[in-house]
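A closer look at the structure
Residue strings, one per chain:
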Amino acid sequence: MSSSQQREADFAAFVAAQSAQLVHFARVLCGDLHQAQDLVQGALEKVYRVWRKREIEHPFAYSRRAVLNQYLSGGRNRWRETPVADPSDHHQQPGPDHATEVVTRDALLAALAGLTPRERAVIVLRYQQDLTEAATAEQLGIRVGTVKSTASRAMAKLRTSPDLIETTRGRTS
């Protein structure tokens, strides 16, 4: 097998192993599964161009950064469409009632939608991706102090978000 064929096989294996995690990351960033899939696809197209030319030391981190850049740069080109549900979703077997989890997740996504793209990116990287402040700063190309202040402002907004307050009302911790 030639080196270019090996690189293509390695990339295909990487995509098969990591695309679900990248889509999950993108969905939390943008709040929509279909837009998340498009973000990941666009990012992986860019990653592939680099992958063909040279070895990437940390492919998941590199790809996550590409998804993040795609999301942050997409603010100017946000979709104005309303996604339509996938018809195949209506034919699934009934399972346990996860209504509370769905309501909580939807409330969290709605609250995150109220943040600026940078605030949302900081919160997702810090708390959903569990990166350190330094790693978050590196991913976003900003200073650690900016990560701290942005996270603080974003968490204050989330604490007072009507979406989350209404969802958690009546619960005890």
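As shown above, the structure is provided for reference.
To start, this report covers the structure provided alongside it. (Residues numbered from 1 in each chain as written. Predicted model: local features only at pLDDT ≥ 70, side-chain atom pairs only at ≥ 80, totals over all residues. Heavy atoms only, no water.)

Another aspect to go through is the packing of helix H3 (residues 59-73) against helix H6 (residues 133-140). Packing of H3 against H6 brings their axes to within 10 Å, and their N-to-C directions diverge by 60 degrees. The angle between the axes of H3 and H6 places the two elements in the oblique class. Contacts between H3 and H6 pair Ala61, Arg64, Arg65, Leu68 and Leu72 from the former with Glu138, Gln139 and Leu140 from the latter. (Axes fitted to C-alpha atoms, helices over the stretch in contact; angles between N-to-C directions. Helix = DSSP H or I, 4+ residues; strand = E, 2+ residues; numbered from the N terminus. Parallel < 35°, antiparallel > 145°, perpendicular 65-115°, else oblique. Contact = heavy atoms within 4.5 Å.)

Together, Lys46, Arg49, Arg52 and Lys53 make up a positively charged patch on the protein surface. Mapping Arg49 onto the fold places it in helix H2 (residues 33-53). (Patch = residues over 30% accessible without salt bridge, like charges linked within 9 Å, V, L, I, M, F, W, Y side chains within 5 Å. Areas by Shrake-Rupley, 256 points an atom, 1.4 Å probe, with all protein chains shown as cover. Salt bridge = Lys/Arg side-chain N within 4 Å of Asp/Glu carboxyl O. Lys, Arg positive; Asp, Glu negative; His and termini not counted. Charge placed at Lys NZ, Arg CZ, Asp CG, Glu CD.)

Once that is clear, we can look at the packing of H3 against helix H5 (residues 117-128). Taken N-terminus to C-terminus, the directions of H3 and H5 make an angle of 155 degrees; their axes are 10 Å apart at the nearest point. Compared by their axis directions, H3 and H5 come out roughly antiparallel. The crossing of H3 and H5 is right-handed. Residue-level inspection shows Arg64, Leu68, Tyr71 and Leu72 of H3 in contact with H5, the latter providing Pro117, Arg118, Arg120, Ala121 and Leu125. Class assignment for the residues of the contact of H3 with H5 results in six nonpolar, no polar and three charged. (Left-handed = near helix turned anticlockwise from the far one by under 90°. Nonpolar A, V, L, I, M, F, W, Y, C, P; charged D, E, K, R; others polar.)

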